[in-house]
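One letter stands for each residue in the lines below.
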Amino acid sequence: MIILTLLVQAALLMSAAAQCPFTGDATKKRRGHAHHETKYEQSVSTPTTDYAAIKRDIAAFLTDSHPWWPADHGNYGPLMVTLAWHCSGSHRISDGRGGCDGAGIRRLPEFSWEDNTNLDKAVCLLERVKQKHADISWGDLIILAGNTAIESMGGPKIGFCAGRESEPNKSETEKLGPTKEQDALSPCRLNGNCTIPLGQTKIGLIYVDPEGHLGNPDPSLSAIDVRDSFVRMGFTPIETVALIGGGHTFGKTHGACSTGPGPNPVESPKAPWPGTCGPGPLKGRGNYTYTSGLEGPWTREPTEWSNEYFCNLLSYDWVKTKSPGGKIQWMPTNAEDAPEIRMLTTDLSLLRDKEFRGIVEMFAAEPEKLDQEFAYAWYKLTTTEMGPRSRCINADAPPSQPFQHPLPKPPSNPADADTVIKEIQKILFSKDSDMEGDAMHGTDELYFGAQFVDLAFQCASTYRATDYKGGCNGARIRFWPEKDWPGNEGMDHVLKALEPVKHAFGENVTWSDLIVLAGCASLLEASDGRLDLDTRVGRGDAMNGFQSLEFPYRYYYSSVEIAVLDTIQVLGLSERDAVALSARPRSAVRQKWKGLVGGYSNSTKLSNKYFKLLLSETWVKVPSAKDVYRSKHNRHIHMHAADLVLIKTAKLKKIVIEFAHDEEMFLMHFASGWNYLMLANFPSEVDFEPTP
Ligand code: HEM
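This is a predicted model, so every value here is computed, not measured. (Residues numbered from 1 in each chain as written. Predicted model: local features only at pLDDT ≥ 70, side-chain atom pairs only at ≥ 80, totals over all residues. Heavy atoms only, no water.)

S.K.: Explain the sheet that holds strand β7 (residues 446-447) to me, using residue names and the numbers behind them.
M.R.: Strand order in the open sheet formed by 3 strands is β5-β7-β6, and the pairing between neighbours is antiparallel. Strand pairing shows two members of the sheet lacking a second neighbour, β5 (429-430) and β6 (438-439), which therefore form its edges. Inspection of the sheet shows β5 paired to β7 by 2 bridges, in the antiparallel sense. Within the sheet, the bridge partner assigned to F429 lies in β7 and is Y447. (Pairing = 2+ DSSP bridges. Helix = DSSP H or I, 4+ residues; strand = E, 2+ residues; numbered from the N terminus.)

S.K.: So, the packing of helix α10 (residues 237-247) against helix α14 (residues 367-383): which residues are in play, and what are the values?
M.R.: Geometry of a packed helix pair, given as the angle between the helix axes and the separation of the axes. One way to put it is that α10 packs onto α14 with a least axis distance of 9 Å and a crossing angle of 95°. Comparing their axes, α14 and α10 come out roughly perpendicular. Touching I238, E239, A242, L243, G246 and G247 of α10 are L370, E373, F374, Y376, A377, W378, K380 and L381, all from α14. Residues of the contact of α10 with α14, tallied by class, amount to 9 nonpolar, 2 polar and 3 charged. (Axes fitted to C-alpha atoms, helices over the stretch in contact; angles between N-to-C directions. Parallel < 35°, antiparallel > 145°, perpendicular 65-115°, else oblique. Contact = heavy atoms within 4.5 Å. Nonpolar A, V, L, I, M, F, W, Y, C, P; charged D, E, K, R; others polar.)

S.K.: So what's going on with the site of the ligand? Which residues, and what values?
M.R.: Contacts to the ligand come from 24 residues, most closely from Y207, H248, K252, H254 and S292. The side chain of W85 places a nitrogen or oxygen atom 3.2 Å from a nitrogen atom of the ligand. At 2.6 Å from an oxygen atom of the ligand is found a side-chain nitrogen or oxygen belonging to S292. Per-element tally for the shell around the ligand: the top contributor is helix α5 (residues 77-88), with 4 residues. Here the residues of the shell around the ligand are counted per class, giving 14 nonpolar, 9 polar and 1 charged. (Near = heavy atom within 4 Å. Polar contact = N/O pair within 3.5 Å; in protein donor to acceptor, adjacent residues only side chain to side chain.)

S.K.: An account of the sheet that holds strand β10 (residues 638-640) is requested, with residue identities and associated values reported.
M.R.: Spatial strand order, β8-β9-β10: 3 strands in an open sheet with antiparallel pairing. Strands at the two margins of the open sheet, each flanked by one partner only, are β8 (619-621) and β10. For this sheet, the mean inter-axis angle between neighbouring strands, taken without regard to orientation, is 35°. As judged from the 3 bridges shared by β8 and strand β9 (residues 628-631), these two strands associate in the antiparallel manner. Within the sheet, the bridge partner assigned to W619 lies in β9 and is S631.

S.K.: Which residues make up the coordination of the iron atom of the ligand, and what values go with them?
M.R.: Geometrically, a metal with four donors at the corners of a regular tetrahedron has ideal angles of 109.5 degrees, and one with six donors at the corners of a regular octahedron has ideal angles of 90 or 180 degrees. On the protein, H248 (NE2) is the one donor atom to the iron atom of the ligand, at 2.1 Å. With respect to the secondary-structure elements, H248 resides in the loop between α10 and β1 (252-253). (Donors = N, O, S within 2.8 Å, 3.2 Å for Na, K, Ca; no water.)

S.K.: Describe the nonpolar core, with residues and values.
M.R.: Formed by 80 residues in total, the largest nonpolar core has its most connected members in I58, F61, M80, L83, L126, I142 and W378. With 8 residues, the top contributor of residues to this core is helix α7 (residues 138-152). Discounting chain neighbours no more than four positions away, the residues touching L126 are F61, M80, L83, W138, L141, I142 and A145. The next biggest cluster of nonpolar side chains, apart from the first, holds 79 residues, and it includes C520, L533, V579 and Y629. (Core = buried A, V, L, I, M, F, W, Y, C linked by side-chain atoms within 4.5 Å. Buried < 20%, exposed > 50% of the residue type's maximum accessible area, 1.4 Å probe, protein only.)

See below:
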């Protein structure tokens, strides 16, 4: 009888090779570039999607084990937690790239990362739910599966924010590497030692090497990597420890033998990671799975939520050992009741770092604190790249959380924008200001308009279309760290010049609206009203800076050309609008504060002169200043290297030529780019601080 059962099992396994049985062309689709999309593949989530029904279907399949990929302990929950974590964990705060919006994990290069080994099986399991529910995007489905898995294994209740796009509008996964695009943008000299703006210390891993820094099994060194890579994702120490330990409460590592998982999706697109361990029909699955090469669970009950991971870390003495996969991991010497449990070097690092250890002790003593911190950190992990709360399309998403940076509400009776603009225009030209303004030819008046334009631009251009963070809403340019960024040198003077207007309207105008209106007022004057600008008000003022917005990653670029092209992409501007905005009025005084020389024009009028100059002059480098050029024939006209990129890059030069010939077209694109930036992250009601 036993022999018969084994034979039947073997036959079943043979008929279902470890290749997705639910859809024949799943792997083809996942390759990304040339895939054939099916109808459900293109679908997006909607506000009326029945997320509760989808959760019920996910919960049902979690414990429905399939022979082609048997569930460990009869539960796919841990696999789904890993899929959601790896899908989200590619997000980096340096430039907002990565994350599960668009489900980049289903496409190359992410799909082939060593750390994503066998996650094709997890995606495959979800295909059945996706086929039944056409109205959910892949990104949303993956996160909902992670949430459902955590809750169904007894973990804390997790909120859900729907609205991830089906296909990203930002084909940004290539920038995560390993690709030529990533190498040009953010090269990693030694894989394992990668630095910002990359999110992880090793390309191909979501975060850090589990065996230790560059494979060295020293938990103290590994703690540095763990801390560093979680900071690059935007996490605090308490969130870091809650996530690692909460996650490793579930599931196990897989490394049944030393011959590896087999070819990856680049080498074998149709059947990636078939597995090489184990005999004939059982090969590569169940107890014979090879994923990371490490082997064993962290807890005795890997499908039950608890704080056991933290208790285990503290209760036992750990010694180095080798997994059957030949990888270094740690086993307890004094755990008679649980000899099978294992820890990774990265897990033990949580004991070596003093701050991490204190948190481990807290979670071991207070499980309810772990529930609370893990629920918050998980929601942040899976949602932060979605931007402000208003981007959640489901009405029952949790109220705005601290990581979504809710702001105090603006005044309920805001001052009329046109009236504020008129007040600002009164101070655009002044004789007796105590502030340094731009000198004007043939008059003793000073001009402040270019400085106001610069202030509004600097305030709004922190926006990133990659994770919808930044922008002038909140006016964080008034606070550290933004106010100290090199490009914002002298902005405190410009803000000071606006103080009289602020006093005149008091609480009825917020600083963020005022800054934007100051830019608009100047531009309307400079264009003699020819720009069609959106001057709506309603932004809130932050009380402090935006710490999690990385120091401008632009300073890490290897060339000015890469900086310009990538900045346009991150801002989400069209190339035409971006080129048009480059001609915004420039203040010679501000240029000097920033350590640059002069401007390209001393005119107070907005025109296409900038483009004409770019094309007509010969530019020579100014030896005494970095990245500054001057006209060969007119020593007073200067351009920055970033300006010259516009005529050195063929596709941008075409636009420069068009604008030089057609001022109306230039003004139209200027207004469109300006309105886009100034309205980026314009708040809706749900983005303000929830009423207590
Ligand atoms: C599994 C490393 C953080 C959840 C694993 C595996 C490794 C690993 C090597 C084994 C993969 C395999 O062989 O199947 C790390 C490292 C981390 C980290 C180095 C950070 C320093 C996290 C976080 C979560 C998480 C933050 C979730 C919040 C899981 C789960 C599994 C797992 C649930 C089990 C998967 C299964 O049973 O199939 N991790 N991890 N890990 N990890 Fe992590």
